[in-house]
Every structure is written in C-alpha cells, then in structure tokens.
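Analysis of the macromolecular model
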There are 2 protein chains.
Amino acid sequence: MTPDLPALATAIVPPDETARTLAHARQLTLTKPTGALGRLEGLSAWVCAVQGQCPPQAFSEVRVVVFAGDHAVARRGVSAYPPEVTGQMVLNFVSGGAGVNVLARSAGATVRVVDMSVDVDYAALGAAIPDDVTAHRVRRGAADIAEGPAMSIEEATAAFEAGRSIADDEVDRGADLLIPGDMGIGNTTAAATLVSLLTSTDVAEVVGRGTGIDDEAWMRKCEVVRDAANRGRPLLADPLALLAEVAGPDLAAMTGFLVQAGVRRTPVLLDGLVSGACALVAHRIAHTAKGWWLAGHRSTEPAHARALERLGLEPVIDLGLRLGEGTGALVALPILQAAAATLAEMATFDEAGVSDKGA
Amino acid sequence: MTPDLPALATAIVPPDETARTLAHARQLTLTKPTGALGRLEGLSAWVCAVQGQCPPQAFSEVRVVVFAGDHAVARRGVSAYPPEVTGQMVLNFVSGGAGVNVLARSAGATVRVVDMSVDVDYAALGAAIPDDVTAHRVRRGAADIAEGPAMSIEEATAAFEAGRSIADDEVDRGADLLIPGDMGIGNTTAAATLVSLLTSTDVAEVVGRGTGIDDEAWMRKCEVVRDAANRGRPLLADPLALLAEVAGPDLAAMTGFLVQAGVRRTPVLLDGLVSGACALVAHRIAHTAKGWWLAGHRSTEPAHARALERLGLEPVIDLGLRLGEGTGALVALPILQAAAATLAEMATFDEAGVSDKGA
C-alpha cells in the first residue's frame, strides 16, 4: 500500500518554540558572561524545543539504527572496497567491533543494525545472525543504478514503510534521540545522485572519494551519477519513485525513519552524507520534519556539505570524518549532552550570589 | 629561591614516538577505510604517545585546576563584569554550580580551584572556604599593569613554584590528564599582553571582547595592553620577570603547572586564551613541554587563535566558546576519549573477517 505522504507531512508538528524561548532566557541568568558558551547555547535551546521542556534533561536512550544495503553499482569499481564488505560489516556490527559500536559505548548509546538489502547469505558464511537484523530485508542488493532503477516502486514503498516502523519500534521502546547510520559499499554513489538532484548541483561538485577512491574510479563514479541523475530528474516530484530509481532499500528505509521520527516528535542527530541525502528526500516529503533534526557533523564528502547547506543545518563538529555508520553523530553526541547539562545544572546569578553585568 | 629554568627544560623528555608510530600503523588495520576517522586518528596517536603505549587506555583521572586571581586593571573598566565576581565565582566553583563543574561532571572529570590572588575576604562574605583553595594565595589581586608591575619577582617565583607543586600533587594523586582553567575579571587583559609580546602581534589584533565589552572599553583595554607590552618587551628573555611585570600570580602559577606537567610526563588539554598565553610563556621556558599539550578548543578571543598558531597547535573544536574556567577543554574531552576508544576497541580486518582494500 502506498503511504499517504501529504498526510504524513501534516502529521508533523514543529518542536516547542515556547520551550526554546525559555531556554534562551534561562541562558541569560546562568553564571557566565552572556553568550560565552557559544554554540552550546543554541544546542541547549534545540534540546528544550524537541523535549518540550526547559530546563532540559540528558538524553537517556540514544539509539543508532544502521541501515545496511548493497548496491550493484559497486561492481563497477566506484568504491575502494569489494562489495562483500557490506555483509562482513553487518556481522562486525552484531559482534560489537565496528567504529559505530565503539563510539556508541563511549557516548552512552546503543546500536541496532537492520539489513535492508545486503547481498549476502549469512548461513553460507557460517554466521549466526539475529532474526531482527534481517526481518526487514526487501531484496538482495539494489540493482545497478548505472543501468536502470535500483528497485521497484513496491520495494521502495516497503522499505520506506519498514523505516517508519523501525522508528516507531524504537520510540515505543523508549528511545529519546535517534541516530541514522549507514553501511553499504557503493551507497555514497546513490547518495551523491540524490544530493545532485535535490540541490541542483553539478555532478562533479558532489561526487567525493567515498571510502578513498583514485582519480579513475572517481571519473567512473561521476559517469554513473550523471546517468542516474538524468533518469531521476523527471521524478523529483515523486519521492518514492525517485528513491526507487536512483537509491536503494537502505536509503528508502532511512528516509521513512527520518519522516517518522518527526511524526513521533522524536529528535534525530544526523550523521554524514547518506543521512544528509535521505534528509533531503524526507524534507521534500515533509518540510516540518527538519525542526526535529540536528546535524551531528560535516563529513569530507562534498555532497554532504551541499546537503547541509540546502537544509540550512549547521553541523556541530567538522573533524574530517567519513566513516558513516552513525559515527560522526556519535562523536558529536557528548557535546549535545554537555549543552543540555549546562542549561539544566549551572547556577544562576541569583542562586550563586554572583554579580551580573553592570551590577 | 629562583627556579633553575634551564634545568627544568632539560628535565622534560618528549612523548613516546614509538607508541605514536604503532598507533598510526594500528589505525590501518582497523575495520574502516584508511583515514576515515579523520582527526580522531591523529588524536588517538597523541594519546598513545603521551601514555607511552599502544593501544591506549581511556583517561580515568582527568583533573581541572582552576587558577583564580584578581587584576587591579579591572577597575579601569576593561571588563564587562565588576571585580568582585572573581571571589563570588570561586565560591560558585566550590559549591559546584559553575560551567566548569557541570561540564566536568558531564565529561567524567573533577575540578579543583586554587585562589592564587583573589582580592576577597571570604570570611567577610560569610562564606566558608576549604583551606586547600587558599593555601597557595600569593597576594590579594595583581597590581594594576597599566601603571607598573603586576607583582614582585619574588611573588612571581612563588606563584610559579606553587603551580609546579600543584601539578606534582595532582599527578601524585593519580591524575592522568590535566586541564588548566582560569577565573579572574581582567585576566584576558594580562593574557592578551603576553600574547602580543610573545607572538610579536600588534595590540589591536590581539585584544578581544573578553566577557563582552563595548567599543569604548575595548579601546581602554588596548591602551592598557600597549603600555604593559612596552614595559614587558625588554623582559622577553626572562620569563619570570615578564610574568611579574605584565601578568599576575594566577598566570604565573598556570605557567609553572604547564611546565611541570611536562616534567612529570603528564598530558595537558589546554583551554582558551589564558592557558594559551601561559603556554606561550611555558614554551619559552621549555620547548619540549609542547609535546605534552593538546589544544582543546579555539575561543573567540583573537589572541587565542594567534597563540595556538604560534605554538603550532590545532584545536579539537571551534564552537565559539569564550567562558574560560577550563570549559572549552572539557567540551573537547569526550572527543579525545572517543578517539582513544576507537584505537583500543575497534576490531581489525583480520579479527572481524572483513576484506581489506583491494582484497
């Protein structure tokens, strides 16, 4: 069944502007010079707005959902790594050894991985995989977007709805902040195509080095993105058709996840290029969803900077990360928690008996 | 007794370059594209170098020492806040309500405040103050550097030695990472003077807005810094005489603290302008100390950017903070811990059975 996208859009209310205003007012009463916490002050106000309260609370159930999927286009040599890495990394996530696992532990978050379209037979690898990892798989690998659609409309719809249902699950289980992660050799090719289309930016300006490709692979990647973008351009008014043509089940699911987070009034800390590309699609579906999103970091992928610019989102950190998985958002997470803590816990001038400016 | 500065300099050995090399080699084996953790990779290598081991451990005893002191120059209206705020803030630190307390709790660090030269009578305020806060006080307030020396050479020496002894105390009690914090209305005037002198930068380029001053106060601050810098210039070859002329006991103590951290092979996460200015002086005393320092953040104070540039230190974050107290370093601390965690805990390609590049 096709989701009613206009109904989804109207179901999303913006965050609480009253709480945001109270946050800015409270910042002025804290024992520090006006504005001295810089970016942290705006972050604390965003936390108040999405929590609907001031002072805010620490986020206590931060959940990363890694959307994994293969992309047949990877066989054209647009990535520095072989396609089998996607499935191997899913196992790495499950056993807790990947970057996202380590950074989640460090920041007090938890990780769930969802195989939307990995081209792997785990049993053949001799690996046990929890059922909930594969329960939403739509197909084995997106088809080659250099040649034709990544998937059917039905598959795009199923993936989008799976992403929404995963967001619902996580919120129902108590998640108070969601982080979308990605894993998939070739997925930046699809993401760059979406960014090129949705920001009207020339292909050469959005195609990056992904996992670290050479000049020749970069040129191949540009060609693929140009061909896919040409097929996607007539579909700009139909987000699900666009995802079917140039993306893949992993990206379609992440898009549904971002939209549904807004429906559920649950904040999202965005990661890198793939989540930026999906955010552009989700923004097309529901402009109001953006109020629920914060950009965790800016990756080195040029398309990511372009996507953030178009969305008007200012990243928290810019540390040259380009790993995906949700890692950039996790590095930013303690800064967001610190911002909330200052607003909630710092003494006011009155409480501490400290003289204010001009006193 | 005057400290033997050349002996201090030779007592400082650089961090462990073998451990740093091992760290870079280990990064290449972890399950992620080469270089994909960006700045985190270099940070993890620095942690290995200062810990002398690879893989590294999380820092488990991170200690902020806030050096508090008044500056008579504040009475000239070079700050947006009245001078009595310094003593009031010391009490705020002791009761745990200041920004540095909140951010330390958030990042898993602890705070000690040392009154080196606050111009306050706590008893008259009706406030109980722990003995260890005031045990090192050298005088009540630095003298007005617009008119003459901030303190005598003897006082500068006593403060410098107190800073060294505080570093010794903290390392002996188990601190494995030190953060220098500052509190003192007027202290950015002294710090800007040091930066102007030690980086040969024109006064107007280094004087900032401190706690948030207007144009008229900014011009007064420039005048003061110019006068003090003129008196300090002939003393550039004698760091203790320079501190006596244009700084104050708080900055002299922080300088000793930074030097002694190097002697004790203990890493330091620098904060904002005041610690940057003291680092320039400490660097003049002992060039090798710098290997033990990492710049936590870049503040909005122009002199801070200049100091970091001269020291060749790249800050971890740049979030428009200008609170001092150690707060910028504390916001950066979780990123440093995250960097160490990735190197220590991520699975290697071999361990996870993931295919490497070109496999």
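Going by the structure above, here's the rest.
The structure reproduced in this document is the subject of the present report. (Residues numbered from 1 in each chain as written. Chains lettered and ligands numbered in written order. Predicted model: local features only at pLDDT ≥ 70, side-chain atom pairs only at ≥ 80, totals over all residues. Heavy atoms only, no water.)

Another aspect to go through is the packing of helix α7 (residues 153–172) of chain B against helix α12 (residues 249–263) of chain B. All names here are of chain B. Between α7 and α12, the least distance of the axes is 6 Å, while the angle of their chain directions is 45°. Here α7 is positioned oblique relative to α12, judged by the angle of their axes. Seen along the crossing, α7 lies across α12 with a hand that is right-handed. Contacts between α7 and α12 involve Ala156, Ala159, Phe160, Gly163, Arg164, Ile166, Ala167 and Asp168 from the former and Pro249, Ala252, Ala253, Thr255, Gly256, Phe257, Val259, Gln260 and Ala261 from the latter. (Axes fitted to C-alpha atoms, helices over the stretch in contact; angles between N-to-C directions. Helix = DSSP H or I, 4+ residues; strand = E, 2+ residues; numbered from the N terminus. Parallel < 35°, antiparallel > 145°, perpendicular 65-115°, else oblique. Left-handed = near helix turned anticlockwise from the far one by under 90°. Contact = heavy atoms within 4.5 Å.)

All right, on to the interface of chain A and chain B then. On the chain B side, the residues contacting the 53 residues of chain A number 53 residues. Both sides together, the interface formed by chain A and chain B hides about 4,100 Å², and carbon and sulfur atoms give 64% of it. Across the chain A-chain B interface, the total number found is 16 residue pairs in polar contact (both at pLDDT 80 or more). Secondary structure elements with two or more residues in the side of chain A that touches chain B: α3 (39–51), α4 (85–95), α5 (99–107), α15 (327–345) and α16 (349–352) of chain A. Of the residues that constitute the side of chain A that touches chain B, the class distribution is 28 nonpolar, 17 polar and 8 charged. (Buried area = accessible area lost by both parts, 1.4 Å probe. Polar contact = N/O pair within 3.5 Å; in protein donor to acceptor, adjacent residues only side chain to side chain. Nonpolar A, V, L, I, M, F, W, Y, C, P; charged D, E, K, R; others polar.)

Here the focus is the packing of aromatic side chains. To describe a pair of aromatic rings, one takes the distance between the centres and the angle between the planes. Tallied over the full model, the rule gives 4 aromatic pairs over all chains. Each ring, one from Phe349 of chain A and one from Tyr81 of chain B, has its centre 6.4 Å from the other, and the planes form 15°; the classification is stacked. Residue Phe349 of chain A is found in helix α16, and its partner Tyr81 of chain B is found in the loop between β1 (62–69) and α4 (85–95); the two belong to separate chains. The pair formed by Phe349 of chain A and Tyr81 of chain B is uniform in burial state, with each residue classed as buried. Centre to centre, the rings of Phe67 of chain B and Phe257 of chain B are 5.2 Å apart; their planes meet at 70°, and the pair counts as edge-to-face. Note that Phe67 of chain B is positioned in strand β1 and Phe257 of chain B in helix α12, a separation of 190 residues in sequence. Here Phe67 of chain B matches Phe257 of chain B in class, with each residue buried. (Phe/Tyr/Trp six-rings, centres within 6.5 Å; stacked < 30°, edge-to-face > 60°. Buried < 20%, exposed > 50% of the residue type's maximum accessible area, 1.4 Å probe, protein only.)

Here chain A sits on chain B after a turn of 180° about the axis and a move of 0.0 Å along it, with an RMSD of 0.0 Å. With respect to symmetry, the two chain copies, as superposed, fit the operation of a two-fold axis. A share of 100% of the interface residues of chain A reappears at the interface of chain B, consistent with the copies meeting face to face through the same patch. (Least-squares fit on C-alpha atoms with pLDDT ≥ 70 in both.)

If you walk through the whole model with that rule in mind, you get 40 salt bridges over all chains. Put simply, Arg298 of chain B and Asp318 of chain B hold a salt bridge, and the shortest N to O gap is 3.2 Å. On the criterion of sequence distance, the pair formed by Arg298 of chain B in the loop between β5 (293–295) and α14 (302–311) and Asp318 of chain B in the loop between α14 and α15 (327–345) is long-range, its members being 20 residues apart. Residue class for Asp318 of chain B comes out partly exposed when judged on its relative accessible area of 48%. Where salt bridges share partners, they join Arg63, Arg112, Asp169, Glu170 and Arg173 of chain A into one cluster. (Salt bridge = Lys/Arg side-chain N within 4 Å of Asp/Glu carboxyl O.)

Our focus in this paragraph is the side chain of Asp70 of chain B. Residues and elements named next belong to chain B. With respect to the secondary-structure elements, Asp70 resides in the loop between β1 and α4. Despite being buried, Asp70 has no salt bridge partner; Arg137 is the closest side chain of opposite charge, sitting 7.4 Å away. For Asp70, the residues in contact, after removing those within four places along its chain, are Pro83, Thr86, Ser117, Val118, Asp119, Gly141, Ala142 and Ile185. (Lys, Arg positive; Asp, Glu negative; His and termini not counted.)

A few words now on α15 of chain A. With 19 residues, α15 of chain A extends 28 Å between its outermost C-alpha atoms, agreeing within 8% with the 27 Å of an ideal straight helix rising 1.5 Å per residue. Burial analysis of α15 of chain A places 17 of its 19 residues in the buried class, which makes it a mostly covered element. (Expected span 1.5 Å × (residues − 1).)

Another aspect to go through is the nonpolar core. Leu194, Trp293 and Ile335 of chain A together with Leu194, Trp293 and Ile335 of chain B are the most contacted members of the largest nonpolar core, which totals 280 residues. When near neighbours in sequence (up to four residues on either side) are disregarded, Leu194 of chain B contacts Leu242, Leu243, Val246, Ala247, Leu251, Ala277 and Val281 of chain B. (Core = buried A, V, L, I, M, F, W, Y, C linked by side-chain atoms within 4.5 Å.)

Each pocket or cavity is described by its volume, and for the largest pocket that value is around 250 Å³. Residue lining of the largest pocket: 16 residues in total, with Val316, Ile317 and Asp318 of chain A together with Ile317 and Asp318 of chain B positioned closest to the centre. Classifying every residue of the lining of the largest pocket gives 8 nonpolar, no polar and 8 charged. (1 Å grid on protein atoms, 1.4 Å probe; cavity = no way out; pocket = protein on both sides within 12 Å on 5 of 7 lines; lining within 4 Å. Points joined across faces, edges and corners; volume = space filled by probe spheres on them.)

All names here are of chain B. Interhelical geometry of helix α13 (residues 273–285) versus α14 gives an angle of 35° and a closest axis separation of 9 Å. Two packed elements cross with a definite hand, and for α13 against α14 that hand is left-handed. Between α13, through Leu273, Gly276, Ala279, Leu280 and His283, and α14, the contact on the second element is made entirely by Ala303, His304, Ala307, Arg310 and Leu311. The residue makeup of the contact of α13 with α14, split by class, is 6 nonpolar, 3 polar and 1 charged.

With that out of the way, let us pick up the pairing of strand β2 (residues 109–117) of chain B. All names here are of chain B. The buried fraction of β2 amounts to 7 of the 9 residues, a majority that puts the element mostly inside the structure. Bridging between β1 and β2 involves 8 bridges; their strand directions are parallel. Bridging from a neighbouring strand, Val66 pairs with Val113 of β2. (Pairing = 2+ DSSP bridges.)

Let us look at α4 of chain A. An α-helix turns once per 3.6 residues; consequently, residues spaced three or four apart project the same way. Most of α4 of chain A sits out of view: 9 of its 11 residues are buried. Val85, Thr86, Gly87, Gln88, Met89, Val90, Leu91, Asn92 and Phe93 of chain A are the residues of α4 of chain A that are buried. In this structure, the buried residues of α4 of chain A make contact with β1 (62–69), α5, β2 (109–117), α6 (131–134) and β3 (177–183) of chain A together with α16 (349–352) of chain B.

What follows covers the state of the cysteines. All names here are of chain A. Using the criterion set out here, one finds 0 disulfides over all chains in the structure. The thiol of Cys48 is not disulfide-bonded; the next cysteine sulfur, from Cys54, is found 4.1 Å away. Assessed through its relative accessible area of 0%, Cys48 is described here as buried. (Disulfide = S-S within 2.5 Å.)

As a further point, take the environment of Leu269 of chain A. All names here are of chain A. Locating Leu269 in the fold gives a position in strand β4 (residues 268–270). Leu269 sits in the buried class, given a relative accessible area of 0%. As a C-alpha pair, Leu269 and Asp144 span 125 residues in sequence and 30 Å in three-dimensional space. Excluding anything up to four places from it in sequence, Leu269 contacts Leu177, Leu178, Ile179, Pro180, Leu294, Ala295, Gly296, Ala329 and Leu333.

Spatial relationships are all this shows, so hold off on functional conclusions.
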